[in-house]
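Descriptive structure summary
Listed here are the chains, written in short residue letters.
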Amino acid sequence: MIDCTNCNFPVWETIKPSSVPAKGGFTITVNGRDFTSAGKQFNCIFKLDHFRLNVVADIEENDFLTCLVDKWDHNAGLAELIITDESNRPVLFVGNESGMNVDIFQGWELSSLDGIPISSIGGGQISFIGYGFIDYPPFSSMYECIFRRNGTELLSSIGVVNSSRVVCGIPAWGNYYASSIQSREVGLSAASNPPISVTLLFHGLDVAYTQGDARTMRMIPTYPCQVHDCYLYFFAEWSQAALSSELETFRNRSSWSIRPISANGNQSIHISGSGFGRSYAYLCMIQNSEGRNVSEAAQFINAATLKCRIPTWPYASGAVFLRLLVSYDGFENSVVFRKEGASLSFNFYAEWNSISPSQAFASGGTTITILGSGFDRSAIYSVQFNNTFNTNCEVISSFEITCPMEEWQGSHGPVCVSLTENGGVVHVNSKCVQFQIFPFWFAIQDCNGTFPVSEMVEFKVSGFGFAREKEYICKFAPLGNIETCAESNYSSMAAVINPSTLLCKTPAWKNCLEHGTTSVLVQELPSRTVLYRNFTSNVSATCRLTTNRVNFYSSWSHVSPTSAPFKGGSVITVHGFGFSDRSSYQCDFQFSSGVASFVSTQLLMCISPASNISGTEISIIEDERIVSYMGGGNQLVFESQWNSIGTPVVLAKGGSNVTVRGQGFAEPFYDCVFLPLHGGSVKIGVGQSFGEDAIICKLPVWDLPAGKVKLGIQYRETHLNMTFIGEEQADIFEVREGWDEFVETSLQFSAKSSEPLHIKGYGFDSMKLYTCQFARNGNELIRTNVTVLDSFSVSCPLPVWGSKFSAGQRSGYVALLIFNGETEIPFTNNTYEVQDTLACSGNRHINGCSISFDTVWDLAVSSSSTSQVVLRSSSISVFGFGFDEFLTYTCQFFCFEDASLTAHAYDTTSIAKVESQTELVCNFSEWNFETRENISISILSSEDGNPQVAFQGAHPPFFWIRRVLQGIQTSTGSAAGGTEVHILGSFMPNLTAFCDFDGLLTKASFLSYNLYVCTTPTWLSASGVVPVYFIEVYPRPLSSSAIFNKYALPEISFLVDNLTNAELNQSCSGSNHNCFRTEVGSFYFYPALADIVPPFGDRRGLSDYVLENVSVIANSFGLTSTKNYTCHFFLKFELPSHEAILPRNSVTQSKDLGQICSRLSWGGFTDGSPPDEDYAINTFKCWILAPRNAQSLYVQFLRFDTELDWDFVEVWNCYDTGCSDKTLIRSLSGNPTTAESGTVSESGVVLVTFRSDELINKRGFEAKFEIFSVLSPPSTPLDPFRVVCDLPVWDIDTPWKHFVSKEVNVFLLESVDLGSVQSSTQAAVNISGASSFVWTQVTSTIELAFDLLQVLTRFLCRRSTARHGMRRIICTCWHQPPRRTILFTGLRTS
């Protein structure tokens, strides 16, 4: 704002009104002064974007003008107003800047709304006719229409705009909210919802509504709206419906439809529409053409959906249509609007859902009742079983039908019931409603038949409903002990002849059951019994009492044995069928008879009588009736005889006993004839009788394979064979093989061995497959295949036992078992008794069946890539056989001092880890000596008495313990040299060694077998990364023997040649050494600053005031010609630590400080009050400190006293001159000391602010500041050792009288970009090293210098010529340490 109170020319400062409509017709009044004094004409110019409107102003009075804008042909916006005189010169504006702007606002006067209700489906458009609309992007997309009701119901749509019209789409209001009108019959009643207001927005703000005349500028609110231009009503509407279960099928509501529905109802439909309301009561009415209807209340789902349950339709099926009714505001069941052209009709079809009863006999006669809905009395209904007609039905009501079942001619079982209406199938909610039809039987055609137990006789069974596809059996109630009889023995399969006849057979009764009368049972497989009914109308009078019973009688076939001793007393077995323990039996031998004992339904037992005849015929008597004889053997012969062998298995050793059982043995000795069934000669042995019922036969020497032997008994004198009366195969016994002992005398073997083990035995058969099983402790076993040498001996290879199991004394003995297949061959240990072979295993030992294994090893390899090379990280895998995880093994590593391989030079041990029975692993890291060749290894065990594990390899293993160079430690250092670099490795010998830094060598010192150390040399080139080589000087081999060298030398490819270093050349030139060079890494020499020459300079730098002493030389190492270097000068003193905490009442961040703060380039500042007075309350002050060339500043408070924690001084880093980008350094409050208040910035511009509150004030503060650091201009080095730094100006604006010399630290910065201007430390990095420097001021006369040096007693001066013909004298004094050098300039030649 400009103060123009005394101006004598026209000015203006305010306008009224400041907001006008964009339609035009408005007048702007401009307030000002002296409009009439100049006698000129004035113009009003409105500027908006590129649009200009020039209006001639009317001078109303001396203090105001009026500007009439009749028409505004541009869009709305904030227009700038400019008042000009008739020569187009602007009239001075002296008001607030915002007062020059006129808000040209947009608005609308008329809409297309006419108050007529519209469908809540939406889809139409609303037009707003107005003015000032902005029709270009991005503003053209900022229009929208808001549709609101009751404040909480709201929808919007995007507007499409041109300069005078905005068009919005009408949203689907009814999809979200209730409509105001539900029925045409009710309309918009007093209790209906309020109207929906329509508001036009631009960028979220209301567009003005001026109701037909914008010139009035009266803005009318559009929510809630009171005129039809800004409100509308929606009416509800419905059009489609679909079954609720089919909504997934009809996802698009426009395709909803209702398929025919069962008259049973019990389904729901969803009605699609819009504008439904939760507060309304809706009713779904279903009606047919006759006016009959049912209705159900509708459930409100949402504004677009209702749900109705369809009730049971109590009338005949057919076409119906749906009506939707609503009740509200006292009106009952009014018709809801239906979309034009929509007509919703569908069909009810008849459906049945139950049948009673659900089962019946196939003979028919049962009345079936079917329940459902939609049955039509005028239709013809019938019932079908499996689509086969059975009977017609009678309609009782629309819900019930009855049907009398007729006789079923088909198969029994479940059938599918179907109901037809006029030939068409009536719907039922099941693929198949099952009806069970049961079969039954009522008679056996030969009802009084009698059947033999021994034969199977066919007979017929009469009944109903037999199915050809089913299986039936006829079961007979068993007579006797059914526990000894399988079910098949009293049942038989039945064949279906037709649905009324089965053909059965009597069962295999003879197998186990007795004679007698029993009942019959018919069963359908698998386990369903066919009901028996005494269906007398179909049965002859003679069968009515016994229609399900039959009779079986017994019979017999032969006796066994067919011979008996003359003395009698032998058991004679009678074989037959149907014997019963309820009957009494006798055996009739013609000359004698005796009681026959019941044994089973098939066996009787008689005792033969004493006889003096050679034979007789037998008859069987049952309950005084002769049992039917079927033929097969009824003769009995009397003689001596034998019948069995008491020892079915004997060992094939000569002298084994074979026991023979029989009767009537009267002789003391017999001949026993042995006939091998698998080949070989007949052998004769002696048999001795033991009583009348046993003979003991001695087996002769048996030189044949084991196997089956047929035995014969002969009378010794007559050589006649004794009769054998036993069962088949009872005269055959088995001769079995066995073994006695090992052939070998020593039974201790290597766990690696697979040599053959020889075994003595008997009966071995070369045609059989035998295996030897070596077993220990039950769970450790290995089998090998046996080789049969002859019938007395075999051999089997030892298993490589140690490949799977442990060996040694602790593990125990291993037992031997011999198998033929899975049958164990007995071990007899030279006796006739079978021994327990497994008793030989473990820690028990029985001579002849157990052996032991010893642990051995045969190979050792390194884990490195070469199996004989060992590194620090290597492990040694020792391979062997029988390692025991419960023992401790030790690997002993040793080497020899010379080629004689006798004296150990080094010796170390390592505890081995047992990986498996075949592998040990030793860690080689315990070898703490130098590299060697020919390292041997031995394995020691913790087992008592056997510490050394035997080696059984081809040749003892030897290893090379090769030294490994792993790299360097410390890979960076100063180019000045002196950095210690560690050479890391393993097994490194103590040798003469060097480090080679890309041609610069230093001596390497041996510290341990794992470490050498060397010091970097002074680097004479530019900084960078160089390769590092390690050079070793090895002695020649101590022996010329091909198998012995003292050291495991590196690969020959590393051999050093073309040596240039004299000391190294001398070491490697002799014939007794080999030199090897290996690259072990890389080293980065970074540049280093050594010192600054001279160590002082003029603080005014290269300026108009000083022409000499304006540069220094930074002596350095490793400088690079492609990089820039800058000297960075810092004041040297200690700084207190502090934190940057923003005070709670800070306003610094919220103020624009660039315009209001005092700017200082040197000196100091205070709080503004005298030192002896308090500062003002409620004050804010700020200072921007910006000395020239500063990189950072030092601010110090000489005195400081503020209200603690309420009045603060804040110090900020500024990153631009206006301090718009800043960070807080620290805040001060209270009474800190001068040292404590010292603050250093990170930037060359510093902001200091002070704020006091309204209560307590203090004495305030006084501060001074100075430059803390500066940078020299960037420059390239003269060579790798020197770079010139031109001195910058330090504090040039400081008055000379305040000058004091400053001691500073100097660092050298390096920048990669050669062309960049070094203006900030952020663009460069420090190199190593630092130097001290003194900022001073060189005087203009030598006299002043002598005044300064009047305390010196001795000094030395030298003269030199400077630039511009000036002379300078440099004097050095030695009066007191340290030595100081003072520069004098401005002297003439004299």
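For the structure itself, look to the data block above.
Since this is a predicted model, take the numbers as computed values, not measurements. Per chain, the residues get numbers from 1 upward, laid out in the order the sequence is written. Owing to the predicted nature of the model, reporting of local features is limited to residues with pLDDT of at least 70; listing and counting of side-chain atom pairs is limited to 80 or more, with chain, interface and lining totals taken over all residues. Based on all heavy atoms of the structure, the side-chain values leave hydrogens and waters out of the count.

**Description of the packing of aromatic side chains**
Only the six-membered ring of Trp is used, alongside the rings of Phe and Tyr, when aromatic pairs are assigned; centres must lie within 6.5 Å, and planes under 30 degrees apart are stacked while those over 60 apart are edge-to-face, with the rest tilted. Within this structure, the stated rule accounts for 59 aromatic pairs. By way of ring pairs, the aromatic residues Phe1165, Tyr1175, Trp1183, Phe1197, Phe1200, Phe1250 and Phe1261 are connected into one cluster. Cation over ring: Lys653 sits above Tyr832, and NZ or CZ is 4.8 Å from the ring centre. One Lys or Arg, Lys1222, reaches over the ring of Trp1212 and ends 5.9 Å from the middle of that ring. Should the NZ of a Lys or the CZ of an Arg lie within 6 Å of a ring centre and within 35 degrees of the ring normal, that charge is described as sitting over the ring.

**Re the state of the cysteines**
Sulfur atoms of two cysteines make up a disulfide when they are within 2.5 Å. Within the structure shown, the criterion is met by 14 disulfides. Between the sulfur atoms of Cys474 and its disulfide partner Cys504 the distance amounts to 1.7 Å. Of the two residues, Cys474 sits in strand β45 (residues 472-476) while Cys504 sits in strand β47 (residues 501-505), which places them 30 residues apart along the sequence. Side by side, Cys474 and Cys504 carry an identical accessibility label, which is buried. A disulfide bridge connects Cys1214 with Cys1219, and the sulfur atoms are separated by 2.1 Å. Taking the torsion about the sulfur-sulfur bond, which here is approximately 100 degrees, the covalent link between Cys1214 and Cys1219 counts as right-handed. With respect to burial, Cys1214 and Cys1219 carry one shared label: buried. Helix and strand definitions here come from DSSP, where helices need a minimum of 4 consecutive H or I residues and strands a minimum of 2 consecutive E residues; each element is numbered from the N-terminal end. Only protein chains enter the accessibility calculation, which uses a 1.4 Å probe; a residue is then buried when its area is under 20% of its type maximum, exposed when over 50%, and partly exposed in between.

**Focus on the side chain of Ser852**
Mapped onto the elements, Ser852 comes out in strand β81 (residues 850-854). Excluding residues that lie within four positions of it along the chain, Ser852 makes contacts with Leu747, Gln748, Phe749 and Tyr813. Note on definitions: a residue-residue contact is assigned when non-hydrogen atoms from the two residues lie within 4.5 Å.

**Things to note about the sheet that holds strand β10 (residues 101-105)**
The pairing criterion is simple: DSSP has to find at least two bridges between the two strands. Pairing is mixed across the open sheet formed by 5 strands, whose spatial order is β2-β10-β8-β4-β5. A strand with exactly one partner marks an edge of an open sheet, and here the two such strands are β2 (19-21) and β5 (51-56). Ignoring strand direction, the axes of neighbouring strands in this sheet form an average angle of 30 degrees. With 6 bridges connecting them, strand β4 (residues 42-48) and strand β8 (residues 77-85) associate as antiparallel partners. By the bridge assignment, Asn43 is partnered in β8 with Thr84. Axis definition: a line fitted to C-alpha atoms, over the contacting stretch in the case of helices. Angles run 0 to 180 degrees between N-to-C directions.

**Brief notes about the pairing of strand β51 (residues 549-553)**
Of the two faces of β51, only the one carrying Val550 and Phe552 is buried; Arg549, Asn551 and Tyr553 on the other face are not. Inspection of the sheet shows strand β43 (residues 450-452) paired to β51 by 3 bridges, in the parallel sense. When the sheet's bridge partners are listed, Thr450 is paired in β51 with Asn551. Note: strand β48 (residues 516-524) against β51, 4 bridges, orientation antiparallel. Among the inter-strand pairings, Thr517 is bridged to a residue of β51, identified as Asn551.

**Some remarks on the sheet that holds strand β113 (residues 1282-1286)**
Strand order in this open sheet of 3 strands is β100-β102-β113, and the pairing throughout is antiparallel. Only two strands of the sheet have a single partner each, and these edge strands are β100 (1088-1093) and β113. When the angles between neighbouring strand axes are averaged without regard to direction, this sheet yields 30 degrees. Judged from the 5 bridges that link them, β100 and strand β102 (residues 1111-1117) form a sheet pairing that is antiparallel. The residue bridging Val1093 from the neighbouring strand is Ile1113, located in β102.

**Some thoughts on the pattern of salt bridges**
Side-chain pairs of opposite charge can arise where the charged atoms are in close proximity. Any carboxyl oxygen of Asp or Glu within 4 Å of a side-chain nitrogen of Lys or Arg constitutes a salt bridge here. The tally for this structure, following the rule as stated, stands at 26 salt bridges. The partner of Arg259 in a salt bridge is Glu246, and the shortest N-O contact between them spans 2.8 Å. Remark: Glu246 occurs in the loop between β22 (237-243) and β23 (261-262) and Arg259 occurs in the loop between β22 and β23; sequence separation between them is 13 residues. For Arg259, a relative accessible area of 36% translates into the label partly exposed. The shortest N-O distance in the salt bridge between Glu734 and Arg736 comes to 3.4 Å. Taking relative accessible area as the criterion, Arg736 reaches 27% and is therefore assigned partly exposed.

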